[in-house]
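One letter stands for each residue in the lines below.
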Amino acid sequence: MSSGGAAAPPPVPSPVPLPAPAPPPAPTLVPRGVPVFRVDAISFRYPGGILALDGVSFEIAPNEAVCLLGSNGCGKSTLLRLLDGLAFPDSGRIEAWGRPLLPATLADEGFSREFRRRVGLVFQDADTQLFSPTVLDEVAFGPLQLGLSHEEVRARCRDVLALLGVERLADREPHALSGGEKKRVAIAAALATDPDVLLLDEPFAGLDPRSQARLVDLLQALRARGKTIVAATHDLSAVEEIAERAIVFSEDHRAVADAPASAIVRDVALLLRANLIHDHPHRHGTLAHAHPHGHSS
């Protein structure tokens, strides 16, 4: 061993831990080994007959990352609400882990409790889901509903606040935060119950570039841990980074494509039809070129 007194290398900082997993669920409530969601020919209309979804079908497997792509108003947000059991289709059927997602099944206390633990939804507008007096209270709300010990709740809050980089906001009032801060707090609150499935509505809306990059890293880490991610967006820039598969919705509220994300984002004709990009001629100097150029909408 050398006695030259060389300085020891600096310690490598430990990564921020994800929240500790909740106790394993009762297998009789939501069996393993079946699709997380099975959506079979669902349609949905708002009051007044306004169509939101028309005959949509797909399945999502455990540990899959799927982007729901479509222009504003095509039904993506409505679909996330249906997957979260906040509304129910007018026709067709949705199953969660092999159980029908209906008012009657969610009225069953055991199934409802387990479903709410396993599925977390982050709304596009964080103001619609932040209601507690402080950020810490907001993040602690979900774990407290699970009946966890106060020590475990504190540990989860500490972990997810650090994970989202908002630990300095713990004592702040959520309504006084910036839009990006509110979004990160909403995600932290959803993660605090350690859900198996994370539903995200326009997750990058209102985030600065650094926060967007950090969210991409977070979603990739959650995938590595076995989480299922379903993100609705019309922003194509990060689709391949966060999802392996994409389902495209048309402006007439139908699912018109379901394929690997890498293929979807390169299908210019499909993206044009779905109003996810637009094209128009450009003038370069004094020359007008008639060939189209695509741009994110």
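Residues numbered from 1 in each chain as written. Predicted model: local features only at pLDDT ≥ 70, side-chain atom pairs only at ≥ 80, totals over all residues. Heavy atoms only, no water.

A few points about the overall build of the protein
Part 1: Across its full length, the protein carries 10 helices and 12 strands.
Part 2: Taking all 297 residues of the protein together, 49% fall into the buried category.
Part 3: The contacts in the protein between residues at least 6 apart in sequence include a share of 65% that link residues at least 24 apart. (Helix = DSSP H or I, 4+ residues; strand = E, 2+ residues; numbered from the N terminus. Buried < 20%, exposed > 50% of the residue type's maximum accessible area, 1.4 Å probe, protein only. Contact = heavy atoms within 4.5 Å.)

A look at the sheet that holds strand β5 (residues 99–100)
Part 1: Read from one edge to the other, the open sheet built from 4 strands follows the order β2-β1-β4-β5, with strand pairing classed as antiparallel. The outermost strands of the open sheet, each flanked by one partner alone, are β2 (50–60) and β5.
Part 2: Looking at chain direction, strand β4 (residues 91–96) and β5 are connected through 2 bridges and run antiparallel. If you follow Ala 96 over to β5, its bridge partner there is Arg 99.
Part 3: Packed on one face of the sheet, helix α1 (residues 76–83) meets β1 (37–46), β2 and β4 and runs near 120° to β1. (Pairing = 2+ DSSP bridges. Axes fitted to C-alpha atoms, helices over the stretch in contact; angles between N-to-C directions.)

Here we look at the packing of aromatic side chains
Part 1: Counted according to the given criterion, the structure contains 5 aromatic pairs.
Part 2: Measuring from ring centre to ring centre gives 5.9 Å for Phe 111 and Phe 115, while their planes differ by 20°; the resulting arrangement is stacked. Of this pair, Phe 111 and Phe 115 both sit in helix α3 (residues 109–118), 4 residues apart, which is roughly one turn of that helix.
Part 3: In this structure Phe 115 comes out as buried when scored by relative accessible area, which is 0%.
Part 4: Ring centres of Phe 131 and Phe 141 lie 5.1 Å apart, and the angle between their planes is 90°; on these two criteria the pair is classed as edge-to-face. In this pair, Phe 131 is assigned in the loop between β6 (119–122) and α4 (135–145) and Phe 141 in helix α4, connecting sequence segments 10 residues apart.
Part 5: Taking relative accessible area as the criterion, Phe 131 reaches 55% and is therefore assigned exposed.
Part 6: Of the aromatic side chains, those joined through ring pairs into one cluster are Phe 37, Trp 97, Phe 111 and Phe 115.
Part 7: Cation over ring: Arg 118 sits above Trp 97, and NZ or CZ is 4.1 Å from the ring centre. (Phe/Tyr/Trp six-rings, centres within 6.5 Å; stacked < 30°, edge-to-face > 60°. Lys NZ or Arg CZ within 6 Å of the ring centre and 35° of its normal.)

Structural notes on the confidence of the model for the protein
Part 1: For the protein, the mean per-residue pLDDT works out to 84, and 83% of the residues sit at or above 70.
Part 2: Segment residues 21–30: pLDDT under 50, and 21 contacts once partners within four positions in sequence are set aside and those in other chains are kept. (pLDDT = per-residue confidence, 0-100.)

A closer look at the layout of surface pockets
Part 1: Looking at the largest pocket, its volume works out to about 580 Å³.
Part 2: Of the residues in the lining of the largest pocket, the class split is 11 nonpolar, 6 polar and 5 charged. (1 Å grid on protein atoms, 1.4 Å probe; cavity = no way out; pocket = protein on both sides within 12 Å on 5 of 7 lines; lining within 4 Å. Points joined across faces, edges and corners; volume = space filled by probe spheres on them. Nonpolar A, V, L, I, M, F, W, Y, C, P; charged D, E, K, R; others polar.)

Quick look at empty space enclosed by the protein
In this approach, a probe sized like a water molecule rolls over the atoms, and the result shows the empty space that is left.
Part 1: Scanning the entire structure with this criterion turns up 1 cavity of 30 Å³ or more.
Part 2: Quantified by volume, the largest cavity comes out at close to 50 Å³.
Part 3: Taken together, Leu 163, Leu 164, Arg 184, Ile 187, Leu 207, Ser 211, Arg 214, Leu 215 and Leu 218 make up the full set of residues lining the largest cavity.
Part 4: Going through the elements one at a time, α6 (179–191) and α7 (209–224) are the ones with two or more residues in the lining of the largest cavity.
Part 5: For the lining of the largest cavity, the element with the most residues is α7, which contributes 4 residues.

Side note on the nonpolar core
Part 1: By size, the foremost hydrophobic cluster in this structure holds 55 residues, and its most contacted members are Leu 69, Leu 191 and Leu 198.
Part 2: Considering each element in turn, this core owes the most residues, 6 residues, to α6.
Part 3: Core analysis: the next-biggest nonpolar cluster, separate from the first, contains 33 residues, Val 36, Val 39, Leu 106 and Val 230 among them. (Core = buried A, V, L, I, M, F, W, Y, C linked by side-chain atoms within 4.5 Å.)

So, the environment of Val 166
Part 1: In this fold, Val 166 is placed in the loop between α5 (150–163) and α6.
Part 2: Using a relative accessible area of 0% as the deciding quantity, one classes Val 166 as buried.
Part 3: Placed 19 residues apart in sequence, Val 166 and Val 185 show a C-alpha to C-alpha distance of 7.1 Å.
Part 4: Not counting the four nearest positions on each side in its chain, Val 166 is found in contact with Leu 161, Arg 184 and Val 185.

What to know about the sheet that holds strand β3 (residues 65–69)
Part 1: Across the sheet, 6 strands lie side by side as β6-β7-β8-β3-β9-β10; this open sheet has mixed pairing. The strands lining the two open edges of the sheet, one partner per strand, are β6 and β10 (255–260). Each strand axis lies, on average, 15° off the axis of its neighbour in the sheet, ignoring direction.
Part 2: One ladder, built from 4 bridges, connects β6 with strand β7 (residues 197–201); its direction is parallel. Looking at β7, one finds that Leu 121 is bridged to Leu 199.
Part 3: Each of β3, β6, β7, β8 (228–233) and β9 (245–249) touches α1; the most contacted strand, β7, lies at about 155° to it.
Part 4: In the packing of α6 onto the sheet, contacts are made with β6 and β7, and the angle to β6 comes to roughly 170°.

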